[in-house]
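# Coordinate analysis (summary)
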Amino acid sequence: MSAAALSASIPVEGMTCASCVARVEKAIRAVPGVTEASVNLATERADVRFDASTKSADIVKAIENAGYGAAEDTVELTIEGMTCASCVARIEKALKTVPGVTEANVNLATERASVRITRGIATAAALEEAVRVAGYAAKRITGDESVDREGEKREQETRKLGRALLTAGVLTLPIFVLEMGSHFIPGVHEFVMNNIGMQESWYLQFALTTLVLFGPGLRFYQKGVPALFRLAPDMNSLVAIGTSAAWIYSVVATFAPDLLPDGTANVYYEAAAVIVTLILLGRFLEARAKGRTSEAIKHLMGLQAKTARVIRNGETVEVPLSDVQTGDTVVVRPGDRVPVDGSVLDGNSYVDESMITGEPVPVEKVAGSEVVGGTINKTGSFTFRATKVGADTVLAQIIKMVEQAQGAKLPIQSLVDRVTAWFVPAVIAIALLTFGVWLVFGPDPALTFALVNGVAVLIIACPCAMGLATPTSIMVGTGRAAEMGVLFRKGEALQTLRNAAVIAVDKTGTLTKGRPELTDLETAEGFDRDTVLTLVAAVETRSEHPIAEAIVDAAKAKGLAIAEPARFEAIPGFGASAEVSGRTVHVGADRLMTQLKLDVSAFADQAARLGSEGKSPLYAAIDGKLAAIIAVADPIKETTHQAIRMLHDLGLKVAMITGDNRRTAEAIAAKLGIDEVIAEVLPDGKVAALKKLKQGGRAVAFVGDGINDAPALAEADVGLAIGTGTDVAIESADVVLMSGDLLGVPNAIALSKATIRNIKENLFWAFAYNAVLIPVAAGALYPVYGLLLSPIFAAGAMALSSVFVLGNALRLRAFRPVAAAQAA
């Protein structure tokens, strides 16, 4: 029997390019018991699945041995129940047994524990549970405010890079002016020769360049050199080799020129310094752009309320959100953000649920209505009972879904993984080959040409752009989708959905509202509509049939006073009758009217129309006279027509799967413009219907309500569940549509196409950039055009490539829902 499978999402520090991703994945997969490892450069996380027999410390050690770091947190706990030093030892031992704990220190005097944990493996809840099992009580010490730890850390890194860039820029500017200014501006050359001297100028450049390389640029050596010694070079290694080669050559030319062949004693300090400065600029811009790619998560986290007003012991008290418990009675005032999920007890208001459903119109809330944490109360006030708190709330589930989708690795990424596995070693080999060819075959001074072109090859190569091409687009695309009310539960659906040829839809709850409503009531001459509705509704109050319930609801919605019926009689197969306020009322099918000897031909046209719409007419008779024709049906949602039209505009076929009889189903299909109808399908026959639609190799997406459609959602190439706003954890679906209508489907497909197109653009740029510019840097254009690529321009182009990819991915933030675009 195999050990139980576990999973962890571990933040990885120190990754800079796609080769880092491949290296970390390889290291983790080599750990015994690891079954799957997926590393994402944009989120800087490793998602790992492993057996229970695997020690999490071994995974962390593998990451560290590969030259990277697993992010750690320090968790502070208050401990209750300690009395002596043996308690301390017992609690420390219990904490250290929790997977992911690297160090635990317990202080008896302060009654606190300080625990270092690997983020993504150990959790505060696991620590608290371990202490409880040991016989004590523990609670994490946190501030009142919620903190976006990773966002804060990224901001700190951005600020750190900004300071390093500023320092490097200030030191590099005089080097650049002294060396390059002398080449382009005669006055600068004269000034240097007359006032400083050539040799003294070199000394000054040496001092400034050394400060740049081993000050702001030290980060490249700290990571790149150890990676070289491990025979696992990365982007930092390329920068370290290139800048070191230029700097060492220049140092020899400055202090020991006799060691170089005649005519080759030139300095390239400006190349080394400018390369570091430009790459720091690229990293800085990259860090800022990366922060913007995760803004959807920040936005969602910002929707959480910080506190809640809860009734405790008969008094309303304001407590931190973390203290709200299931069953608490929560008070919401006008303008408040609803703190957690719950059910309204009393009061009424309108609540803005656009952050959940994407619908801008506030929704009325009365006793019994469901409310969702993070939504905004508009006008009135109400109290509600908390039903879901903490990680169980809709908002918390949405954040979790978006994070999981953003961390996904799409099938399109496999090509990148294969390339980047050998990319950096290949670049080093090309650089060495370039150096050798120029040294042997190049014109004088051959050594200078060999050095410059070899360094240019090292610097121009950019696996960073390859590594960022896919994950950044996924992060921005799934984040934008969440803002539109489309949740990609599985990242792969983002790629698969664009290939769908047929959209199969369940009728009830998807095309329709999912509950019967009174759709038609036409009265005979001499009868008032409201009077007829009141009398018919009074009869139907005695029936539990959904049709009867729909008629009663319609009367209540109009505010009609429904009297208590007398002498009620159900007539099986025909209808019902009763005495209501002294009047005799019959409600039923046409055969009941025939039994009463009433001619229904006056409503023949209306009956024909209702039949063509798939509705079965009912009739009402009052005091022995035909009074009205009535139809109750599950009405089509207002947005369904537009959604199907938009799907057709995207070039897709639409098929309806329903249990209705074929006549009714075809009537609805004709009205909506649906292409294929599979009718009279039993609940367990939807899977077979989908297999039929798949014939001919067509990719099929299925849209259902997620309640009884789980097998069909799983069978489809992509399963899309219509969410209800309060139930988003639909395990069988790949995509959840929070808006509750079909409009989310064309939006999801259009966004899928836009995201994959964006990824392909990024990959084309990343691969084409390297395929074209590496040969140019090696000097391929020199024999024909006499052109060489300066290492400085190579560094600028390298920095630009990553920024370009990130900037292109960020364009997805401007994606507009298809419906909005058509309405504009």
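This structure is a prediction, so every number in the text was calculated from the model and none was measured.

### A look at the overall build of the chain
Along its length, the chain carries 30 helices and 30 strands. Put simply, the chain has 824 residues, and 52% of those count as buried. Considering only contacts in the chain between residues 6 or more positions apart, those separated by 24 or more positions represent 69%. Summed over all atoms, the accessible surface of the chain reaches about 36,400 Å², with 56% contributed by carbon and sulfur.

### Side note on unusual backbone geometry
Following Asp-444, the chain continues to Pro-445 via a peptide bond in cis, the omega torsion being -10°. On the secondary structure map, Pro-445 appears in the loop between helix H14 (413–441) and helix H15 (446–460). Here the phi dihedral of Arg-567 falls at roughly 50°; this positive angle occurs in a residue that is not glycine. Inspection of the secondary structure puts Arg-567 in strand S21 (residues 566–571). Assessed through its relative accessible area of 62%, Arg-567 is described here as exposed. Positive phi, close to 55°, is recorded for Asp-623, a residue that is not glycine. Mapped onto the elements, Asp-623 comes out in the loop between strand S24 (617–622) and strand S25 (625–633).

### A closer look at a nonpolar patch on the surface
Taken together, the side chains of Leu-433, Phe-435, Val-437, Leu-439, Val-440 and Phe-441 make up a nonpolar region of the molecular surface, amounting to roughly 600 Å² of accessible area. Tracing the backbone through its elements, the reader meets Val-440 in helix H14. On the accessibility criterion, Val-440 (60% relative accessible area) is exposed.

### Structural notes on the UniProt feature "transmembrane region" (unreviewed entry) in the chain
Those residues carrying the UniProt feature "transmembrane region" (unreviewed entry) are residues 164–182, 202–221, 233–255, 267–285, 419–441, 447–470, 763–782 and 788–807 in this numbering. Overall, residues 233–255 shows 91% helix and 0% strand. The separation of its end C-alpha atoms is 30 Å. Secondary structure across residues 763–782 comprises 85% helix and 0% strand; the distance between its end C-alpha atoms is 28 Å.

### Points about the sheet that holds strand S20 (residues 517–523)
Read from one edge to the other, the open sheet built from 6 strands follows the order S20-S25-S24-S23-S22-S21, with strand pairing classed as antiparallel. Each of the sheet's edge strands pairs with one partner strand only, and the pair in question is S20 and S21. When strand polarity is set aside, the average angle formed by the axes of neighbouring strands in this sheet is 20°. Pairing analysis gives 6 bridges linking S20 to S25, with the strands arranged antiparallel. Bridge pairing in S25 links Asp-520 to Ala-631.

### Focus: the environment of Arg-515
If you trace the backbone, Arg-515 turns up in the loop between helix H18 (507–511) and S20. In the structure, Arg-515 is positioned 32 residues away from Ile-547 in sequence and 9.5 Å away in space, judged by C-alpha atoms. Once residues lying within four places of it in the same chain are set aside, the contact partners of Arg-515 are Ala-633, Asp-634 and Pro-635.

### Concerning the packing of aromatic side chains
Within the structure shown, the criterion is met by 13 aromatic pairs. Ring centres of Tyr-203 and Phe-255 lie 5.6 Å apart, and the angle between their planes is 20°; this geometry places the pair in the stacked category. Of this pair, Tyr-203 sits in helix H7 (residues 198–214) while Phe-255 is found in helix H9 (residues 235–255), placing the two residues 52 residues apart along the sequence. One residue, Arg-591, lies across the ring of Phe-574, its end atom 6.0 Å from the ring centre.

### As for empty space enclosed by the protein
Here the structure, examined in full by the defined rule, presents 3 cavities of 30 Å³ or more. By volume, the second largest cavity is sized at about 50 Å³. Taken together, Ile-279, Gly-282, Arg-283, Glu-286, Cys-464, Met-798, Ala-799 and Ser-802 make up the lining of the second largest cavity. Only helix H10 (269–293) and helix H29 (791–810) provide two or more residues apiece to the lining of the second largest cavity. For the lining of the second largest cavity, the element with the highest residue contribution is H10, accounting for 4 residues.

### Comments concerning the sheet that holds strand S17 (residues 382–388)
Sheet architecture is open: 6 strands sit in the order S10-S9-S11-S17-S12-S15, paired in antiparallel fashion. In the strand order of this sheet, the two ends are held by strand S10 (315–320) and strand S15 (370–371), each with one partner. Direction of pairing for strand S12 (residues 341–347) relative to S15: antiparallel, over a ladder of 2 bridges. Bridge pairing in S15 links Ser-343 to Glu-370.

### A look at helix H8 (residues 218–229)
Counted at 1.5 Å a residue, the expected span for H8 with its 12 residues is 16 Å, and the 17 Å between its end C-alpha atoms agrees. Listed as buried for H8 are Phe-220, Tyr-221, Gly-224 and Ala-227. Along the axis of H8, the buried positions cluster into a sector of 150°, meaning they face one direction only. Opposite its buried face, H8 presents the exposed residues Gln-222 and Phe-229, each directed more than 90 degrees away. Note on H8: the residue one or two positions beyond its end, Leu-231, has a positive phi of about 55°.

### A word on the side chain of Thr-512
Looking at where Thr-512 falls in the secondary structure, it is placed in the loop between H18 and S20. Its relative accessible area of 1% is what places Thr-512 among the buried residues. In terms of polar contacts, Thr-512 uses its side chain to reach the side chain of Asp-634, at 2.5 Å. Discounting residues that sit within four places of it in the chain, Thr-512 has contacts with Lys-507, Asp-634, Pro-635, Ile-636 and Lys-637.

What counts and how
- The numbering scheme is per chain: residues are counted from 1 as the chain's sequence reads.
- Whole-chain, interface and lining totals are the exception, using all residues; otherwise, since this is a predicted model, local features are given only for residues with pLDDT of at least 70 and side-chain atom pairs are given and counted only at 80 or more.
- Think of the side-chain values as coming from all heavy atoms in the structure, minus any hydrogens and water.
- Strands here mean DSSP runs of E at least two residues long; helices mean DSSP runs of H or I at least four residues long; both are numbered from the N terminus.
- Partly exposed describes any residue whose relative accessible area lies between the buried limit of under 20% and the exposed limit of over 50%, with all areas from a 1.4 Å probe on protein chains only and scaled to the type maximum.
- For this analysis, residues touch if any pair of their heavy atoms sits within 4.5 Å.
- Per-residue accessibility takes into account occlusion by the displayed protein chains alone, with areas from the Shrake-Rupley method and a 1.4 Å probe.
- Patch criteria: residues need more than 30% relative accessible area and no salt bridge. Like-charged residues are merged within 9 Å; nonpolar side chains of Val, Leu, Ile, Met, Phe, Trp and Tyr are merged within 5 Å.
- Take a side-chain nitrogen of Lys or Arg and a carboxyl oxygen of Asp or Glu: if they are within 4 Å of each other, that pair is a salt bridge.
- UniProt positions are given in the numbering used here, feature names are shortened, and annotations may be inferred rather than shown by experiment.
- Strands pair, by our definition, only if DSSP identifies at least two bridges between them.
- Simply put, an axis is a line fit to the C-alpha atoms, just over the touching stretch for a helix, and the angle between two N-to-C directions goes from 0 to 180 degrees.
- Centre distance within 6.5 Å is the pairing criterion for rings of Phe, Tyr and Trp, where only the six-membered ring of Trp is used; planes under 30 degrees apart are then read as stacked, over 60 as edge-to-face, and the remainder as tilted.
- Charge-over-ring contacts are defined here by two conditions on Lys NZ or Arg CZ: a distance within 6 Å of the ring centre and an angle within 35 degrees of the ring normal.
- The distinction between a cavity and a pocket rests on a 1 Å grid over the protein atoms alone: a 1.4 Å probe fits inside a cavity but cannot get out, while a pocket stays open yet meets protein on both sides within 12 Å along at least five of seven lines, and a residue with an atom within 4 Å of a point counts as lining.
- Grid points are joined across faces, edges and corners, and a volume is the space filled by probe spheres set on the points.
- Expected span, for any helix, means 1.5 Å times one less than how many residues it has.
- Of all possible arcs, the one meant is that of the directions from the helix axis to the C-beta atoms.
- Side-chain atoms alone can form a polar contact between residues adjacent in sequence; in general such a contact is a pair of N or O atoms within 3.5 Å, and within protein one must be able to donate a hydrogen while the other accepts it.

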